[in-house]
Amino acid sequence: MADEQIYQEWCEQHTWAFGNAYVMRDKVRNISAGDRLDLLLPTVIAGYRDIVELKRPDMKVILWDEVHGNWYWSRETTRAIGQSHRYLDVLHEEAGKGLRDHPEIVAYHPRATVVIGRSKGWEQERLRALHGLNRRLSGITVMTYDQLLAQGERLVEVLGAEVDRADEEPLETWEGDDIPF
């Protein structure tokens, strides 16, 4: 399987695939002397930073426990969650009021997204299990590369529809106190 760097480069070039809350990425990836992030993304609204931890698509995400009859995080995913937890702690401590050499990079209660494995061909029960396991995490979300791609494709679809409608309808303009909210 290809090196993680290939996926790193794709995600750096397509940060919008992580959702419309993120439109660009920071070039800065070192948050402390020993901690280098895969991606540091500023949110559109407040500019606070969130992190993305990338793992390879050939890694297992969740596994089935025959004895207990339940899904659980794979070893690789568990390690990535632990790594993200550490990064969140360090980022919160180091960038609560801005990184030392980059005061514009502020992280106030950052969130993390772990991208790992593939989900193409998963049955509904397994997708539901991933959703359930994610809902019980706090501040960290695990998604597969297939889900990231589907999310990006959906965003392009929605924005494309908006552009098509904008071509058909005149834009409304408001001035001063006429804004309708």
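Quick summary incoming for the structure in this document. (Residues numbered from 1 in each chain as written. Predicted model: local features only at pLDDT ≥ 70, side-chain atom pairs only at ≥ 80, totals over all residues. Heavy atoms only, no water.)

## As for the packing of aromatic side chains
For clarity, the threshold we go by: Aromatic contacts are taken between Phe, Tyr and Trp rings whose centres are within 6.5 Å, Trp giving its six-membered ring; a plane angle under 30 degrees counts as stacked, one over 60 as edge-to-face, and the others as tilted. Helical segments are the DSSP runs of H or I of at least four residues, strand segments are the runs of E of at least two, and each set is numbered from the N terminus. Relative accessibility decides the category of a residue: with a 1.4 Å probe and only protein chains considered, values under 20% of the type maximum give buried, values over 50% give exposed, and everything between is partly exposed.
Counted by the stated rule, this structure contains 3 aromatic pairs. Judged by centre distance (5.3 Å) and plane angle (50°), the ring pair of Tyr-7 and Tyr-145 falls under tilted. Separated by 138 residues along the polypeptide, Tyr-7 in helix α1 (residues 4-13) and Tyr-145 in helix α4 (residues 145-168) bring together distant segments of the chain. Relative accessible area serves as the criterion here: at 18%, Tyr-7 is assigned to the buried category. Measuring from ring centre to ring centre gives 5.2 Å for Trp-64 and Trp-71, while their planes differ by 65°; the resulting arrangement is edge-to-face. The class of Trp-64 is partly exposed, set by a relative accessible area of 34%.

## Some words on the side chain of Asp-26
Just so we agree on the cut-off: A 3.5 Å cut-off defines polar contacts: any pair of N or O atoms within that distance qualifies, except that in protein one atom must be a possible hydrogen donor and the other a possible acceptor, and neighbouring residues in sequence count only when both atoms are side-chain atoms. Note on definitions: a residue-residue contact is assigned when non-hydrogen atoms from the two residues lie within 4.5 Å.
Relative to the helices and strands, Asp-26 is located in the loop between α1 and β1 (30-32). Within the structure, the side chain of Asp-26 is placed 2.5 Å from the side chain of Arg-49, a separation counted as a polar contact. Setting aside chain neighbours within four positions, we find Asp-26 in contact with Leu-40, Pro-42, Arg-49 and Ile-105.

## Things to note about the sheet that holds strand β3 (residues 39-42)
Stated formally: Two strands qualify as a pair provided that DSSP identifies no fewer than 2 bridges between them. Axis angles are defined between N-to-C directions and span 0 to 180 degrees, where every axis is a line fitted to C-alpha atoms and, for a helix, only to the segment in contact.
Ordered in space as β3-β4-β7-β8, the 4 strands form an open sheet in which the pairing is mixed. The sheet terminates laterally at β3 and β8 (140-143), the two strands that pair on one side only. The mean inter-strand angle of the sheet, taken between neighbouring strand axes irrespective of direction, is 25°. In terms of strand pairing, β3 meets strand β4 (residues 49-54) through 4 bridges, oriented antiparallel. Considered in β4, the bridge of Leu-40 is made with Ile-51. Sheet contacts for α1: β3 and β4; angle to β4, the most-contacted strand, approximately 150°. Helix-sheet contacts for helix α2 (residues 75-95) involve β3, β4, β7 (112-115) and β8, and the interaxial angle to β4 is about 155°.

## Overview of the nonpolar core
The criterion, for reference: In plain words, nonpolar cores are sets of buried Ala, Val, Leu, Ile, Met, Phe, Trp, Tyr and Cys residues tied together by side-chain atoms within 4.5 Å.
Counting residues in hydrophobic clusters, the biggest one holds 29 residues, and the most contacted among them are Ile-51, Val-61, Ile-62, Trp-73, Leu-91, Leu-130 and Val-142. Those elements giving two or more residues to this core turn out to be β6 (70-73), α2, β7, α3 (124-135) and β8. When residues of this core are assigned to their parent elements, the largest contribution, 7 residues, is made by α2. Aside from chain neighbours lying at most four places away, what touches Ile-62 is Trp-71, Tyr-72, Trp-73, Ser-74, Trp-122, Arg-126, Ala-129, Leu-130 and Leu-133.

## Examining unusual backbone geometry
If you check the backbone angles, His-109 has positive phi at about 50° while not being a glycine. By the secondary structure assignment, His-109 is in the loop between α2 and β7.

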